[in-house]
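Next come the chains, spelled out residue by residue.
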Protein chains: 2
Amino acid sequence: MDGQPGRRERKKQQTRQLIADSARQLFVEHGFERVSVAEVARRADVAEATVFNYFPSKEDLVFSGLERFEDELLEAIRDRAAGETILAAFARFILMPRGFLAAGDDESAQRLLEVSRMIASSPALLAREQQIFARYTASLTGLIAEETGVTDDDPRPGVAASALIGVHRTLIEHVRRHILSGEDDIPKLGRSTRTAGKKAIALLERGLADYAARRSS
Amino acid sequence: MDGQPGRRERKKQQTRQLIADSARQLFVEHGFERVSVAEVARRADVAEATVFNYFPSKEDLVFSGLERFEDELLEAIRDRAAGETILAAFARFILMPRGFLAAGDDESAQRLLEVSRMIASSPALLAREQQIFARYTASLTGLIAEETGVTDDDPRPGVAASALIGVHRTLIEHVRRHILSGEDDIPKLGRSTRTAGKKAIALLERGLADYAARRSS
DNA sequence: CCTTGCGGCTCTAATGTTGTAGCTGCTATA
DNA sequence: TATAGCAGCTACAACATTAGAGCCGCAAGG
């Protein structure tokens, strides 16, 4: 679309990346709560105001990746090909390998582990993560309601959005659980995650009518 | 005086250094005349206007070090201790090891060689260097005239200034000549340069009356 | 001759970054 | 409880950098 980003835009992304990396290092070293934004700024050799210029809050230093992901997810659904169902667009997007799992090298695994530990060990971060999921669930609800043109009373958009975001939540948990319990074969983890994703989507596709219909023995 | 320079000033010096280094690399690779300022800017990943913001002209990309040296020389003379002669202050300043010669590692020697070759092979640069020396000779003349409080007609400040700047010229030539003819023992070159400097100053101290009084045999 | 284009260099408006002060809420300590 | 200080965050003015247009001299090619 835009060819080369131009020097200005490129340097802005460098600055943003530098801040995000500095923050991650410090948070992993000392824990999220024990690191001040001023320290992040100092490590990135940047003014504190610059940090807040790129990341509205300290938590966003951790979750900017997640938020971008959700933004792209919504966009992928909004701009899906004509005739494609929302569930299909969602599946296509979420099953696409990306990020740490796509890289697959040892260093990525190490970072994924550290970040997972960091988030898991901070109540503030876990709480914020839930807020983010809630916010995106609401956005997705609105999008679905808009596209299907139903009344505000109709519960179906909210249920569908919760189900979809729930898949994402579940897959993230899947990755964290395996990473935190020592899994270090990233390609394998990627495969098992995709398998789980497919199962989840298949379940949503065919409905819950016959799911766990009988109590197990 | 100012403790830490502050982030702003520090980053400015980084930028300045980055531009100067990029320019030196390119000039050494392709020759001064065949490299455009736009290319320097591109290698430094900086706007062309930024280059001119730090270096008023393309030649200054090469001679900014020399100009800073001359500035400091004038300052050292202006601010010399009470009772110290101009010649003594000059001697103290110019005999102090610094720059490439002070470093003494192989890489410095390599760079000194490359820069010397670059200047020697560019008429434009050689011409500009003479202009710079002339400008500083004039400045120094003014300074001496001011401090000794003589009439504009008095030739002595001009002669003294020429003599002093002449010492500097000569020492630079000394270094270049040895470097270009293959000398790569930088500490040794530093010593021989300082020896030459002392001889030159001694000559100026005692006057030319009995210098080369008799034709050699 | 003339035009075209390049390179050194200048100018201006827009935008990114910094420095500094200050507000709020919380925590430690007197 | 009062007070002081720290951390997250905001606001604003000063400053550094960028983008883009444009001027001038000059050399190459029609």
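Going by the structure above, here's the rest.
The following refers to the structure shown. All figures in this text were calculated on a predicted structure; none of them were measured in a lab.

A look at the protein's contact with DNA strand C
In the region of DNA strand C, 20 residues are neighbours, and A:Thr50, A:Tyr54, B:Lys11, B:Val37 and B:Lys58 sit closest. Of all DNA strand C atoms lying within 4 Å of any protein atom, the proportion belonging to sugar or phosphate reaches 73%. Contacts to DNA strand C include B:Lys11, whose side-chain N or O atom sits 2.8 Å from a phosphate oxygen. The leading source of residues in the surface near DNA strand C is helix 1 (residues 6–30) of chain B, at four residues.

Details of the interface of chain B and chain A
By a widespread convention, an interface's size corresponds to the accessible area lost as its parts come together. On the side of chain A, eight residues touch chain B, which itself brings eight residues to the contact. Counting each side, the surface lost to burial between chain B and chain A is near 580 Å², with a carbon and sulfur contribution of 24%. Considering only the surface of chain B that becomes buried against chain A, B:Arg7, B:Lys11 and B:Asp45 emerge as the three largest contributors, covering 73% of it. Seen at the junction of chain B and chain A, the total is four salt bridges. Measuring nitrogen to oxygen at the nearest pair gives 2.9 Å for the salt bridge that ties A:Asp45 to B:Arg10. The tally of links between chain B and chain A comes to eight residue pairs in polar contact (both at pLDDT 80 or more). For the side of chain B that touches chain A, the leading source of residues is helix 1 of chain B, giving four residues. Among the residues making up the side of chain B that touches chain A, the classes are represented as three nonpolar, one polar and four charged.

Focus on the protein's contact with DNA strand D
Taken together, 22 residues lie around DNA strand D, and A:Lys11, A:Val37, A:Lys58, B:Thr50 and B:Tyr54 are the ones closest in. In the interface set of DNA strand D, defined as its atoms within 4 Å of the protein, sugar plus phosphate atoms amount to 75%. One of the backbone N or O atoms of A:Arg7 is found 3.1 Å from a phosphate oxygen in DNA strand D. Of all the secondary-structure elements, those providing two or more residues to the surface near DNA strand D are helix 1 (6–30) and helix 3 (48–54) of chain A together with helix 1 and helix 3 (48–54) of chain B. Its residues assigned to classes, the surface near DNA strand D shows eight nonpolar, six polar and eight charged.

As for the relation of the copies chain B and chain A
Relative to chain A, chain B is turned by 179° and slid 0.0 Å along the rotation axis, the superposed coordinates differing by an RMSD of 0.1 Å. Here the copies are linked by what is in effect a two-fold axis. Relative to the rotation axis, the closest C-alpha in chain B is found at B:Lys11, a distance of 7.3 Å. The fraction of interface residues of chain B whose copies in chain A are also interface residues reaches 100%, indicating that both copies meet through the same surface.

Some points on the packing of aromatic side chains
This structure, assessed with the given rule, holds four aromatic pairs over all chains. Seen from their ring centres, B:Phe27 and B:Phe32 are 4.8 Å apart, and the 65° between their planes marks the pair as edge-to-face. Given a relative accessible area of 1%, B:Phe27 falls into the buried group. On the basis of an interplanar angle of 50° and a centroid distance of 5.3 Å, the ring pair of B:Phe69 and B:Phe93 is categorised as tilted. Separated by 24 residues along the polypeptide, B:Phe69 in helix 4 (residues 60–78) and B:Phe93 in helix 5 (residues 86–94) bring together distant segments of the chain. By relative accessible area, B:Phe69 is classed as buried at 15%. Looking at A:Lys58, its charged tip hangs above the ring of A:Phe32, at a distance of 4.5 Å from the centre. The ring of A:Phe93 has A:Arg98 lying over it, and the distance from NZ or CZ to the ring centre is 4.2 Å.

About the cut-offs
- Residues numbered from 1 in each chain as written.
- Chains lettered and ligands numbered in written order.
- Predicted model: local features only at pLDDT ≥ 70, side-chain atom pairs only at ≥ 80, totals over all residues.
- Heavy atoms only, no water.
- Near = heavy atom within 4 Å.
- Polar contact = N/O pair within 3.5 Å; in protein donor to acceptor, adjacent residues only side chain to side chain.
- Helix = DSSP H or I, 4+ residues; strand = E, 2+ residues; numbered from the N terminus.
- Contact = heavy atoms within 4.5 Å.
- Buried area = accessible area lost by both parts, 1.4 Å probe.
- Salt bridge = Lys/Arg side-chain N within 4 Å of Asp/Glu carboxyl O.
- Nonpolar A, V, L, I, M, F, W, Y, C, P; charged D, E, K, R; others polar.
- Least-squares fit on C-alpha atoms with pLDDT ≥ 70 in both.
- Phe/Tyr/Trp six-rings, centres within 6.5 Å; stacked < 30°, edge-to-face > 60°.
- Buried < 20%, exposed > 50% of the residue type's maximum accessible area, 1.4 Å probe, protein only.
- Lys NZ or Arg CZ within 6 Å of the ring centre and 35° of its normal.

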